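Architecture and fold: a report
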Amino acid sequence: QVQLVESGGGLVQAGGSLRLSCAASGRTFSRYAMGWFRRAPGKEREFVAAISGSGGNTYYADSVKGRFTISRDNAKNTVYLQMNSLKPEDTAVYYCAQSWNRDYYGLGPGEFNTWGQGTQVTVSS
């Protein structure tokens, strides 16, 4: 059973940066795409970014493109989300997730079968 543990959330001022990490257990980490999602208060969970198992393909929501960068270190079983130029509207609980596919096909949460517990990101104006 794979377990995902996020870290790195916190409180930051608008324009600041944070880096989220998600550490995965298990020996097959590199086989599967990973993703980041977020849920703001009163809103639906939304896709943020995804990365293929090899790390060669990355995907972003339009709202974060150019500001966020997803990456992974398969030797460390860890996926990262570097968040720059943060805005108050980025405030949410951020979740990492593991897919059952090698790549991301744009179908959102339904492609992911394992989820972390979430980490809070709060951006003050």
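Thresholds, definitions, all that
- Throughout, a residue's number is its position along its own chain's written sequence, starting from 1.
- Two thresholds apply to this predicted model, a pLDDT of at least 70 for residue-level local features and 80 or more for giving and counting side-chain atom pairs, whereas whole-chain, interface and lining totals are computed over all residues.
- Excluded from the side-chain calculation are hydrogens and water; included are all heavy atoms of the structure.
- A run of DSSP states H or I qualifies as a helix once it reaches four residues; a run of E qualifies as a strand once it reaches two. Both are numbered from the N-terminal end.
- Categorising residues by exposure relies on relative accessible area from a 1.4 Å probe, with only protein chains included: less than 20% of the type maximum marks a residue as buried, more than 50% marks it as exposed, and the intermediate range marks it as partly exposed.
- The pairing criterion for strands is at least two bridges between them, as found by DSSP.
- Between N-to-C directions, angles span 0 to 180 degrees; the directions come from axes that are lines fitted to C-alpha atoms, helices contributing only their stretch in contact.
- We define a nonpolar core as any set of buried Ala, Val, Leu, Ile, Met, Phe, Trp, Tyr and Cys residues linked to one another through side-chain atoms lying within 4.5 Å.
- Note on contacts: a residue pair qualifies if any of its non-hydrogen atoms lie within 4.5 Å across the two residues.
- In this analysis, rings of Phe, Tyr and Trp, with Trp reduced to its six-membered ring, are considered paired at centre separations within 6.5 Å, and the interplanar angle assigns stacked below 30 degrees, edge-to-face beyond 60, and tilted for intermediate values.

1. Examining unusual backbone geometry
Here the phi dihedral of N77 falls at roughly 55 degrees; this positive angle occurs in a residue that is not glycine. Here N77 shows up in the loop between β7 (68-73) and β8 (78-83). For N77, a relative accessible area of 17% puts it in the buried group. Phi at S85 is positive, roughly 50 degrees, even though this residue is not glycine.

2. Examining the sheet that holds β7
With respect to topology, 4 strands assemble into an open sheet ordered β1-β3-β8-β7, the strand pairing being antiparallel. Lying at the two open borders of the sheet, with one neighbouring strand each, are β1 (4-7) and β7. Between one strand axis and the next, the sheet turns through 15 degrees on average, direction left out of account. In terms of strand pairing, strand β3 (residues 18-24) meets β8 through 6 bridges, oriented antiparallel. Within β8, the position partnered with L20 by the bridge is L81.

3. Notes on the nonpolar core
Note on soluble globular proteins: their nonpolar side chains tend to be buried together. Among the nonpolar cores identified, the biggest contains 33 residues, and W36, V48, F68, V79, L81, M83 and Y94 are the most heavily contacted of them. Elements represented by at least two residues in this core include exactly β3, β4 (34-39), β5 (46-51), β7, β8, β9 (92-99) and β11 (119-124). Per element, the largest residue contribution to this core is 5 residues, and it comes from β5. Dropping the residues within four chain positions of it, M83 is found in contact with G16, S17, L18, L20, R67, F68, Y94 and V121.

4. Focus: the packing of aromatic side chains
Scanning all chains against the criterion turns up 7 aromatic pairs. Each ring, one from F37 and one from F47, has its centre 5.7 Å from the other, and the planes form 75 degrees; the classification is edge-to-face. Residue F37 is located in strand β4, and its partner F47 is located in strand β5; the two are separated by 10 residues in the primary sequence. Classification of F37 as buried rests on a relative accessible area of 0%. Overall, the relative accessible area of 18% leaves F47 in the buried class. Aromatic side chains F47 and Y104 sit 4.8 Å apart centroid to centroid with 10 degrees between the ring planes, which places their arrangement in the stacked category. Of this pair, F47 sits in strand β5 while Y104 sits in the loop between β9 and β10 (112-115), placing them 57 residues apart in sequence. On the accessibility criterion, Y104 (9% relative accessible area) is buried.

What is shown is where atoms sit, not what they do.
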